[in-house]
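Observations on the three-dimensional arrangement
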Amino acid sequence: MTKPILEVKNLEKTFQIDRNRVLKAVDGISFEVFPGETFGLVGESGCGKSTAGRTIINLYDASNGEVLFDGKNVHRLKGKNQKKFRREMQMIFQDPYASLNPRKTVMDIIAEGLDIHEIANGRSREEVVYELLETVGLNKSHATRYPHEFSGGQRQRIGIARALAMEPKFIIADEPISALDVSVQAQVVNLMRKLQKEKGLTYLFIAHDLSMVKYISDRVGVMYLGRMAELADSEELYDDPLHPYTQGLLSTAPIPDPVQARQREKIRIKGELPSPLDPPSGCRFRTRCPHAMAVCAQVDPLWVEAKPNHWVACHLYPKSNPQ
Amino acid sequence: MNSTKKLQKSWFEPLAPSEKNSEVLAPQTGYWKDAWRRFKANKGALIGLVLIILLLLIAFIGPLLNGFDYSTQNLSISNQEHLSGHFLGTDSLGRDLWQRVWYGAKVSLLIAFIAAFLDVVIGVTFGGISGYFGGRVDSVMQRILEIMYSIPNIVVIILLMMYLEPGILPIAVALAFTGWVPMARVVRAQILKLKTQEYVLAARTMGASHFRILFKHLIPNVVGPIIIAVTFSIPSAIFFEAFLSFIGLGLRSPAASLGILVNDGYRTLQLFPYQLFWPALVLCIIMLSFNLIGDGLRDALDPKMKK
Amino acid sequence: MKPILEVSDLHVTFRSEHHEVKAIRGVDFTIHEGEVVAFVGESGSGKSVTFQSIMRLLPQPPANIDKGTILYNGRDITKISETEMQKIRGKEIAMIFQDPMTSLNPTIRVGKQIAESLMKHQKVTYQEAKDRAVELLKMVGIPSPSERVNQYPHQFSGGMRQRAMIAMALACSPKLLIADEPTTALDVTIQAQIIDLLKDLQTDTGSSIVFITHDLGVVAEIADRVAVMYAGKIVETGTLDEIFYNPRHPYTWGLLASMPRLDQTRDQDLASIPGSPPSLVNPPVGCPFTARCPYAMKICQEQMPETTKASDSHQVACWLQHPDSPKVENPIVSRR
């Protein structure tokens, strides 16, 4: 097997809310991402998937655990290595309205990275920007315009061009399509897939839309309240979900097909997400789980490989029980 | 399908992609163009702007219209309200009031502009750093700001003026000494709001320095509120300068500012009310105009704040 | 089935100093008793504005109903006074919104808000109204309703607030419930709960529901009939199966194809609709979808197609339905 490009080891991120309360947004997650693949990270709001992404790209310090990119701990990088990392890993953001500086022209937005790192590979700044605009399906004449003159989908393309300017190896896409209209979502997803093929990019794709994540990802990790519940190849995960939470998510995800919608078995997840400030003891999901047992409240389930390359943390699988 | 118009077969040929109206971008509208359009729609603000421009023109051209200057004394013509050549008459030392009013207006405005400039430099830097870095830096800087705010600024200014040589620059410095506080508050509040925007995060993921983020990304987005704060700090500087001169801590004779002229006029108010009236009128017009412009700018640059 | 709401030729324009946005440009539809009709479309398609103008919830100006009739139970409600409209709002037609936090008053206890809307429309004492509020909260699946009734909206979670909002909307047993993206702000698991709740309530009370959404997946779960809106017009309407399995309009084809299905294979690209919707400041004279339509013909740019019937329940506004146009098949391989 090839060496992973990204290794996340037991990563934790906590926020001090006030004197007495600590929010454990990410509570010990581990996974690896291999070069050229798309790793999907799904979960409901507040599960910590965005915080995980931001900690991986070193927007936040890690509270515990480590993130290795190309074998180096991203939170300990200094000088040259730090600069290299800032080029090699890029991010695409959720809100196409907030992610572009309203006072800058498209030219300046896309060239931001070039300016910071003083790189244009011997070509002029304009040339690079024009080429990037073309790559993402816009044209030269757009370079002098301001973000507010574009539609959401076009803005997202500008955001992608900005990331590509750095010629990255790895892109974290934090809900890149959830703010877009349905007909435009497919445009952006197709563009991302095209770029991946052409440039050999690796993606960490963070989203809450299961059908889109399944479509775009090679492997998928499911998060719940700061922890990883399940991780497997995307086909495998959808064919044979092991964790009751994944099962519930899959059966509640709306499918645009009335007959399938009528026929499929519905596993409803009852109740609401507990407060992340005061998560349940033991298995985080036990309060909503249809299979909850006594042990679930007392013992944290272990993160185990229940089937080859299929990881889960649930007491239904004997290996998960530490005793 | 029974359409009223006759449909020709050729109309049902497919369109080539080039024939389709491709995506039309929203019309190119700049932030400033938009703001100017909104500003123009505000009559009061426009009147304020016209008044200020007129006033500045007269302040520079007016003194050329009669051959006097602001400082030459001629006791033989003191306190003359109507005297040929002296448009506004003369003061108690026989100096031409027309010259003195415009000279005073220029001095007052100059002091106000210097003070406002210092407000911006100090206020934006202080507020920007405090808001951007947050945490402990912010708490310390906020406490400093609160202390500055809690001391009555008149007391501070008076104390400063007792140490500084009276002159245009010292007065401006004294006014800026407390004047930057509101500016810092405005900037800090804006930066706090903007720094979590995704475009700031994007700049950080690309390795932008704090300096670059603060001055290339954040401050340009706070220009609107800064300009608004400046247009309100100018009249307040003019007012404080007048106040200082009035209580005798401002410029010294023969120099003049609107405050000194008002003070001089006030002494002879009962005998020669015109000596108070003219400088007071100019002072009022300046104050009023800047406030009108400020209101207009607030609506124009920050349309969300309007009601 | 008796029609309950009939809208014909509705035109709504937003006017500001500098331009007008023609948000609704001639919309016709009928809602029958006891059916669930989904209105689908992208942002700006006019799906929400249509119903907000029917409910007279849009501030006028800038919004203005230029033309059209809205018959509620046979009565034209564009002509009635605001006082009469208030009697209809809430009692006859109720509405729930995407963000329940903005529609619940944060300073008043949830129970009191429900009770007040009851007392406004029905002759009941405060105590009776409050007891009914507890019943309603129980009916929408809020646990320990007798305690919850005395809490403030901020003490409710997102899903609970939406339930409370539904309880309030149902307080006077309205004949028609308009749900404007009620699940968009919610997580998938909660979304499924709310859809189940609405379906159950619909079966129990027999009221009609208009479900406004952009999510075809949600439509497939809940609707009997579907209206697809684009650029201020309804481009296609039909029963759920007609829209999903026999769509006629290229926009509907595009919408359906651009959503990945759970059984979608990864080697093929998603079908996407190029470009973005036209500006409604200067809407195109012809079919608004022309610029994005792979089958666009000359006529499409010139003239808006008339609505044609594909079946009694299925109507399409597209020139491809004209006998002279080339025959085009739905490019998505039929899934059944």
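Before going further, it helps to examine the overall build of chain C. Counting its regular elements, chain C contains 12 helices and 12 strands. By the compact-globule yardstick of 20 Å for 336 residues, chain C fits well, its C-alpha radius of gyration being 21 Å. Considering only intrachain contacts with a sequence separation of at least 6, the fraction spanning at least 24 residues in chain C is 65%. Of the accessible surface of chain C, which amounts to about 13800 Å², a share of 51% is contributed by carbon and sulfur atoms. Within chain C, one finds 35 positive and 39 negative side-chain charges whose respective centroids are separated by 4 Å.

In total, this model carries 39 salt bridges over all chains according to the counting rule given. With its nearest N and O atoms 3.0 Å apart, the salt bridge here joins Glu-146 of chain B to Arg-143 of chain B. Of this pair, Glu-146 of chain B and Arg-143 of chain B both sit in helix H4 (residues 135-150), separated by 3 residues, roughly a single helical turn. The class of Glu-146 of chain B is partly exposed, set by a relative accessible area of 37%. Accessibility expressed as a relative area gives 43% for Arg-143 of chain B, which makes it partly exposed. Salt-bridge contacts for Lys-67 of chain C lead to Asp-9 of chain C; the nearest nitrogen and oxygen are separated by 3.4 Å. Of this pair, Lys-67 of chain C sits in strand S4 (residues 63-72) while Asp-9 of chain C sits in strand S1 (residues 3-15), placing them 58 residues apart in sequence. Each member of the salt-bridge network shares a partner with another, and the members are Lys-24, Asp-27, Arg-227, Arg-284 and Asp-300 of chain A.

Before going further, it helps to examine the pairing of S1 of chain C. All names here are of chain C. Where S1 lies against strand S2 (residues 20-32), 10 bridges are found, and the strand directions are antiparallel. Bridging across to S2, Phe-14 finds its partner in Val-21. The antiparallel pairing of S1 with S2 creates a hairpin that spans 4 residues between the two strands. Pairing of S1 with S4, which is carried by 8 bridges, proceeds in the antiparallel orientation. Pairing of Val-12 across the sheet is with Ile-65, part of S4.

Across all of its chains, the model carries 8 cavities of 30 Å³ or more by this definition. Volume-wise, the largest cavity comes out at about 90 Å³. Together, Phe-69, Asp-70, Lys-72, Val-74, Leu-77, Asn-81, Lys-84, Phe-85 and Glu-88 of chain A line the largest cavity. Split by residue class, the lining of the largest cavity holds 4 nonpolar, 1 polar and 4 charged. As a volume, the second largest cavity reaches approximately 80 Å³. Together, 14 residues line the second largest cavity, and Pro-250, Cys-287, Cys-293, Cys-300 and Cys-318 of chain C are the ones closest to its centre.

Let us now look at the environment of Leu-83 of chain B. All names here are of chain B. The residue Leu-83 is located in the loop between helix H2 (43-61) and helix H3 (97-133) in this model. A relative accessible area of 27% means that Leu-83 is categorised as partly exposed. Ignoring any residue separated from it by four or fewer positions in sequence, one finds Leu-83 in contact with Ile-77 and Thr-90.

Time to look at the sheet that holds strand S7 (residues 170-174) of chain A. The strands making up a sheet associate through hydrogen bonds between their backbones, and the pairing can be parallel or antiparallel. All names here are of chain A. One open sheet accounts for 8 strands, arranged S6-S7-S8-S3-S9-S10-S12-S11; its pairing is mixed. Strands at the two margins of the open sheet, each flanked by one partner only, are strand S6 (89-92) and strand S11 (304-307). The sheet shows a mean angle of 20° between the axes of neighbouring strands, taken without regard to direction. Each of strand S3 (38-42), S6, S7, strand S8 (202-207) and strand S9 (219-224) is contacted by helix H1 (residues 49-56), which is oriented at about 150° to S8, the strand it contacts most.

With that out of the way, let us pick up the interface of chain A and chain C. At the interface, 44 residues of chain A touch 48 residues of chain C. Between chain A and chain C lies a buried interface of about 3900 Å² when both sides are counted; carbon and sulfur atoms form 51% of it. Counting the surface chain A buries against chain C, the share from its top three residues, Tyr-215, Pro-256 and Glu-272 of chain A, is 18%. Seen at the junction of chain A and chain C, the total is 3 salt bridges. Two residues, Arg-264 of chain A and Glu-221 of chain C, come together in a salt bridge whose shortest N-O distance is 2.7 Å. The tally of links from chain A across to chain C stands at 16 residue pairs in polar contact (both at pLDDT 80 or more). When contributions to the side of chain A that touches chain C are tallied by element, the ones reaching two or more residues are helix H7 (182-199), helix H8 (210-216), helix H9 (234-239), helix H10 (244-252) and helix H11 (258-263) of chain A. With 8 residues, the top contributor of residues to the side of chain A that touches chain C is H7 of chain A. Looking at the side of chain A that touches chain C residue by residue, the classes come out as 19 nonpolar, 12 polar and 13 charged.

Moving on, we get to the state of the cysteines. This structure, assessed with the given rule, holds 0 disulfides over all chains. Cys-289 of chain A supplies the cysteine sulfur nearest to Cys-314 of chain A, a cysteine that is in no disulfide, at a spacing of 6.1 Å. Looking at the unpaired Cys-300 of chain C, the closest cysteine sulfur is the one in Cys-287 of chain C, lying at 6.0 Å.

Spanning 27 residues, helix H6 (residues 168-194) of chain B covers 37 Å between terminal C-alpha atoms, matching the ideal 39 Å at 1.5 Å per step. Of all the bends in H6 of chain B, the largest measures some 40° and sits at Phe-177 of chain B.

Counting residues in hydrophobic clusters, the biggest one holds 68 residues, and the most contacted among them are Trp-102, Leu-175, Ile-191, Leu-218, Ile-226, Val-282 and Ile-286 of chain B. Among the elements that line this core, the one with the most residues is H3 of chain B, at 13 residues. Not counting residues within four places of it along the chain, the set of residues in contact with Trp-102 of chain B comprises Leu-55, Ile-58, Ala-59, Pro-63 and Val-282 of chain B. The next biggest cluster of nonpolar side chains, apart from the first, holds 64 residues, and it includes Ala-111, Ala-165, Cys-283 and Phe-285 of chain A.

A few words on the sheet that holds S1 of chain C. Residues and elements named next belong to chain C. The antiparallel open sheet is built from 4 strands, whose spatial order is S2-S1-S4-S5. Strands at the two margins of the open sheet, each flanked by one partner only, are S2 and strand S5 (75-76). Across the sheet, helix H1 (residues 47-54) lies against S1, S2 and S4, angled at about 105° from S1, the strand it touches most.

To continue, consider the packing of aromatic side chains. Inspection of the entire model under this criterion finds 24 aromatic pairs over all chains. Taking 5.8 Å as the distance between ring centres and 80° as the angle between the ring planes, the aromatic pair formed by Trp-98 of chain B and Trp-102 of chain B counts as edge-to-face. With a gap of 4 residues between them, Trp-98 of chain B and Trp-102 of chain B both fall in helix H3, about one helical turn apart. Seen in terms of ring centroids, Tyr-230 of chain C and Phe-289 of chain C are 5.3 Å apart; in terms of plane orientation they differ by 85°. Their pairing is edge-to-face.

Moving on to unusual backbone geometry. Located in the positive-phi region is Asn-58 of chain A, a residue other than glycine, with phi close to 65°. By the element assignment, Asn-58 of chain A lies in the loop between H1 and strand S4 (64-69).

Time to look at helix H6 (residues 152-164) of chain A. For the α-helix, the turn length of 3.6 residues means that residues three or four positions removed from each other point alike. With 13 residues, H6 of chain A should reach 18 Å at 1.5 Å per residue; the first-to-last C-alpha distance of 19 Å fits that figure. Most of H6 of chain A is tucked away: 13 of the 13 residues are buried.

Right, let's talk about the confidence of the model for chain A for a bit. Considering every residue of chain A, the mean pLDDT works out to 89; 98% of them sit at 70 or more. The secondary structure element of chain A with the lowest average pLDDT is H11 of chain A, at 83, and the one with the highest is S3 of chain A, at 95.

What counts, and where the lines are drawn
- Residues numbered from 1 in each chain as written.
- Chains lettered and ligands numbered in written order.
- Predicted model: local features only at pLDDT ≥ 70, side-chain atom pairs only at ≥ 80, totals over all residues.
- Heavy atoms only, no water.
- Helix = DSSP H or I, 4+ residues; strand = E, 2+ residues; numbered from the N terminus.
- Rg over C-alpha atoms; globule rule 2.2 N^0.38 Å.
- Contact = heavy atoms within 4.5 Å.
- Areas by Shrake-Rupley, 256 points an atom, 1.4 Å probe, with all protein chains shown as cover.
- Lys, Arg positive; Asp, Glu negative; His and termini not counted.
- Charge placed at Lys NZ, Arg CZ, Asp CG, Glu CD.
- Salt bridge = Lys/Arg side-chain N within 4 Å of Asp/Glu carboxyl O.
- Buried < 20%, exposed > 50% of the residue type's maximum accessible area, 1.4 Å probe, protein only.
- Pairing = 2+ DSSP bridges.
- 1 Å grid on protein atoms, 1.4 Å probe; cavity = no way out; pocket = protein on both sides within 12 Å on 5 of 7 lines; lining within 4 Å.
- Points joined across faces, edges and corners; volume = space filled by probe spheres on them.
- Nonpolar A, V, L, I, M, F, W, Y, C, P; charged D, E, K, R; others polar.
- Axes fitted to C-alpha atoms, helices over the stretch in contact; angles between N-to-C directions.
- Buried area = accessible area lost by both parts, 1.4 Å probe.
- Polar contact = N/O pair within 3.5 Å; in protein donor to acceptor, adjacent residues only side chain to side chain.
- Disulfide = S-S within 2.5 Å.
- Expected span 1.5 Å × (residues − 1).
- Bend = angle between axes of the 7 residues up to and from the residue.
- Core = buried A, V, L, I, M, F, W, Y, C linked by side-chain atoms within 4.5 Å.
- Phe/Tyr/Trp six-rings, centres within 6.5 Å; stacked < 30°, edge-to-face > 60°.
- pLDDT = per-residue confidence, 0-100.

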